[in-house]
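# Coordinates in review
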Amino acid sequence: MNALPKTMTFKQKINKDLQMNSEAVMKDIKFPDASCRYEIYDAETLKPENESTYVRLMELGWSQEDFAGKTVLDIGCNSGALSVYASQLGAKHIKSVDIQTELVSFFSKVVKEHSLPISVASAGVNDLDPQKDKADIVLLMEVLHWLVDQGMTVADSISKIASLTAETLYIETPWDISEPAIARKGIIKHSDYNMDLIINELSKHFENVCFVRFMTYFGRMKDSRRVLIRASGRRTAALSLSKLRDANLVSVSLVRGSNHIEMVTTPDGVKVLKTLPRNSAILKLPNKTLEDIFAVLALDSNKVIVTPERIGESVLYLAEDGHSYMLFPFVGELSNFFPKPLAHKPVQEPLQVALDVRRALRGVSTNTINTLREHTPKLPMIDLSALYATIGERSDAIRLKEFLREMIAHKDKVTMETLDAVIHGDLQSGNMLTSPMGEPKVVDLDLIRCGMIYSDILTCAIFFGLSFDEVSKAISIAVAEETRALSKLDIVHAVNHCLGWFRNSIKTEDSSWELRVKRTLMGFDTMMQLNQLLS
Ligand SMILES: C[S@@+](CC[C@H](N)C(=O)[O-])C[C@H]1O[C@@H](n2cnc3c(N)ncnc32)[C@H](O)[C@@H]1O
């Protein structure tokens, strides 16, 4: 190095360095021609061979804290310099893949020679399997533009890479297609590769997408702008969101039970992206039946039930993660969710809303009811001992227990043939809210199923713990509009339906559990009085 003439440019110096160092490389381990210049290291000492490579590693800003004990997947590892670096930072295991066999065989020799915790494989992005290859940290460094060049879209590339990432994804990539190596080829179009697109797609899959810095090492070597991006916090609803162009998940969860419900902003307004529970009848219905139900709901002038939006062909997205999603317009008060999510504004007159729900669903055809009937779950089995424990020492506990026992005993009288209506099936306070315009809205169609024509009104009365007087008034309005009177079987159905909820919510007690139990018991009390009246 001392022998170098003083007038040598930085570029000449590096070239000279590389030449000298490649002579020093172990005889049988030769750097393949395909290795990137900023990837060249001394195969004996594993140290970078030139200043650019040192500068790059420094600019990555990676530390032992980031890598110690982690598994790493290095996609497009080339000569393996970054995999080596990850192992030096304490990564537990690294899987390094590349499509160029020459590079894979070179790096395999290096790994073997140094007994590094790295497995090297000849594989392309599409050969990787999330079940087997998922790693804590994924490196997609200087590879994304090549994937686009090979015909993959930015959306598909990022979706695939995200599925392989358990914690953190690092992407280093050209800022745009004016990068000389891309521009020279002239294959990639701006509309297929630009930073807007990359950030947008990453944001669909990760909660934290962070621009780390522009990398100067490349700028030193040529006129190129490279950007380092770090993405972490995998989103659960990402797969279905990738079908929604220009949508942003804003990290406001509206979840109340165990299924994800996320708030999403789109150019068409604020939406709610909801995972359907696996037992939802909606998942089993033929598309035509679903369409029929939504067509009937669209005729409702009150628009009391919030219906899902169509994106492309369907209202139901079956995502790769095995979940199905639906997208609904957001109908609550945004101010209730920013800056911190609060409960939504409840409705003033739940029974009036339940009557409107019945009116909205009354137009569903017999054919549709018949199809839905086939997919309606049977009334649940109830373990009364767990229930009795929650009833406790009320003064009328004996009567109430007796009544519930009677209701359960008559459960089998509710046969599929007696189910004469499509019902919302979940008219509890969490699903009934007031819009900013003061209109009552019913959300969450998950539990739509066949029930009886008075089911929604009665279950709503139970969930809200409404009094006998209030419920009698609502029932007399309903009876005047229906083709049959209220029967004991309606009460049997509603009570058993609610007991199912009661049983499930015993498992998921939360802070409002006691209040809900108290209300529900009051509701059962009202049902007991109604039942006596019908005797
Ligand atoms: C520019 S080099 C980057 C090397 C290394 N990741 C780094 O940043 O130092 C790009 C590498 O990606 C590899 N590559 C290109 N298409 C690939 C694909 N579909 N799957 C896996 N690797 C690919 C190439 O063989 C090449 O070694």
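Residues numbered from 1 in each chain as written. Predicted model: local features only at pLDDT ≥ 70, side-chain atom pairs only at ≥ 80, totals over all residues. Heavy atoms only, no water.

### Description of the site of the ligand
The ligand sits among 20 residues. The nearest are E39, R56, G76, D98 and Q100. Measuring from an oxygen atom of the ligand, one finds a side-chain N or O atom of Q100 at 2.7 Å. Of the pockets mapped on this structure, the ligand occupies the second largest pocket. Across the shell around the ligand, the residue classes tally to 11 nonpolar, five polar and four charged. (Near = heavy atom within 4 Å. Polar contact = N/O pair within 3.5 Å; in protein donor to acceptor, adjacent residues only side chain to side chain. 1 Å grid on protein atoms, 1.4 Å probe; cavity = no way out; pocket = protein on both sides within 12 Å on 5 of 7 lines; lining within 4 Å. Sits in = over half its atoms within 2 Å of the grid points. Nonpolar A, V, L, I, M, F, W, Y, C, P; charged D, E, K, R; others polar.)

### Remarks on the sheet that holds strand 9 (residues 261-266)
Strand pairing in a sheet relies on backbone hydrogen bonds. The paired strands run either parallel or antiparallel. Judged by pairing direction, the sheet is antiparallel, and its five strands sit side by side in the order 8-9-10-12-11 without closing on themselves. The open sheet has two free edges, formed respectively by strand 8 (248-253) and strand 11 (317-318), since each of these has just one partner strand. With five bridges joining them, strand 10 (residues 269-275) and strand 12 (residues 324-329) adopt antiparallel strand pairing. Across the sheet, residue L273 finds its bridge partner in strand 12, namely L327. (Pairing = 2+ DSSP bridges. Helix = DSSP H or I, 4+ residues; strand = E, 2+ residues; numbered from the N terminus.)

### Overview of the confidence of the model for the protein
With 90% of its residues at a pLDDT of 70 or more, the protein shows a mean pLDDT of 87. In the predicted structure, residues 1-5 sits below a pLDDT of 50 and forms four contacts with residues beyond four places in sequence or in another chain. Per-residue pLDDT stays below 50 along residues 21-26; that stretch engages in 10 contacts with residues further than four places along the chain or on separate chains. (pLDDT = per-residue confidence, 0-100. Contact = heavy atoms within 4.5 Å.)

### Regarding the packing of aromatic side chains
In this structure the tally under the stated criterion is seven aromatic pairs. For the ring pair W62 and Y85, a centre distance of 6.1 Å and an interplane angle of 25° mean the geometry is stacked. Taken as a pair, W62 in the loop between helix 2 (51-60) and helix 3 (64-67) and Y85 in helix 4 (residues 81-88) lie far apart in primary sequence, 23 residues in all. Assigned by exposure class, W62 and Y85 land together as buried. (Phe/Tyr/Trp six-rings, centres within 6.5 Å; stacked < 30°, edge-to-face > 60°. Buried < 20%, exposed > 50% of the residue type's maximum accessible area, 1.4 Å probe, protein only.)

### Observations concerning empty space enclosed by the protein
For the structure shown, the criterion picks out one cavity of 30 Å³ or more. In terms of lining residues, the largest cavity is bounded by Q428, S429, F463, F464, W501, R516, R519 and T520. Ranked by residue count, the leading element in the lining of the largest cavity is helix 21 (residues 513-534), at three residues. Taken together, the residues of the lining of the largest cavity break down into three nonpolar, three polar and two charged. (Points joined across faces, edges and corners; volume = space filled by probe spheres on them.)

### Structural notes on the layout of surface pockets
Of the voids in this model, the second largest pocket is the one considered here, and its volume is about 750 Å³. For the second largest pocket, the lining is made up of 35 residues, of which C36, N78, E142, V143 and W146 are closest to its centre. Those elements that provide at least two residues to the lining of the second largest pocket are strand 1 (71-75), strand 2 (93-98), helix 7 (144-149), helix 9 (180-185) and helix 11 (216-221). Of the residues forming the lining of the second largest pocket, the biggest block, three residues, is contributed by helix 7. A per-class count over the lining of the second largest pocket returns 18 nonpolar, seven polar and 10 charged.

### Overview of the nonpolar core
Counting 89 residues, the largest nonpolar core has L458, V495, F524 and M527 as its most contacted members. Residue contributions to this core peak at eight residues, all from helix 20 (residues 488-507). In this structure V495 touches F403, L404, M407, I462, F524 and M527, once residues within four positions along its chain are discounted. Counting 36 residues, the second-largest nonpolar core is a separate cluster that includes I29, Y41, A91 and L116. (Core = buried A, V, L, I, M, F, W, Y, C linked by side-chain atoms within 4.5 Å.)

### With respect to helix 4
Judged by how many residues are buried, helix 4 sits mostly within the fold: seven of eight residues are covered. Of the positions making up helix 4, those classed as buried are A81, L82, S83, V84, Y85, A86 and S87.

### Looking at the pairing of strand 7 (residues 226-234)
Pairing geometry for strand 5 (residues 165-174) and strand 7, over seven bridges, is antiparallel. Each residue of the ladder has a partner; that of P174, found in strand 7, is R226. Of the strand pairs in this sheet, strand 6 (residues 206-215) and strand 7 are connected by eight bridges, and their pairing is antiparallel. Counterpart to F214 in the pairing with strand 7 is V227.

### A short note on the environment of I75
With respect to the element layout, I75 can be found in strand 1. Taking the relative accessible area as the measure of exposure, I75 reaches 2% and is therefore buried. Ignoring anything within four residues of it in the chain, the contact list for I75 reads V97, V125, L128, V138, L139, L140, M141, V143, I161 and L164.

### A few points about the sheet that holds strand 1
Reading across the sheet, the seven strands line up as 3-2-1-4-5-7-6 and stay open at both edges, with mixed pairing between neighbours. Because the sheet does not close on itself, it has two edges, and the strands there are strand 3 (118-122) and strand 6. Across the sheet, the axes of successive neighbouring strands diverge by a mean angle of 15°, strand direction being ignored. With four bridges connecting them, strand 1 and strand 4 (residues 135-141) associate as parallel partners. Bridge pairing links V72 to I137 in strand 4. Helix 2 rests against strand 4, strand 5, strand 6 and strand 7 of the sheet, and its axis sits at about 145° to strand 6. Across the face of the sheet, helix 4 comes into contact with strand 1, strand 2, strand 3 and strand 4 while running at roughly 175° to strand 2. (Axes fitted to C-alpha atoms, helices over the stretch in contact; angles between N-to-C directions.)

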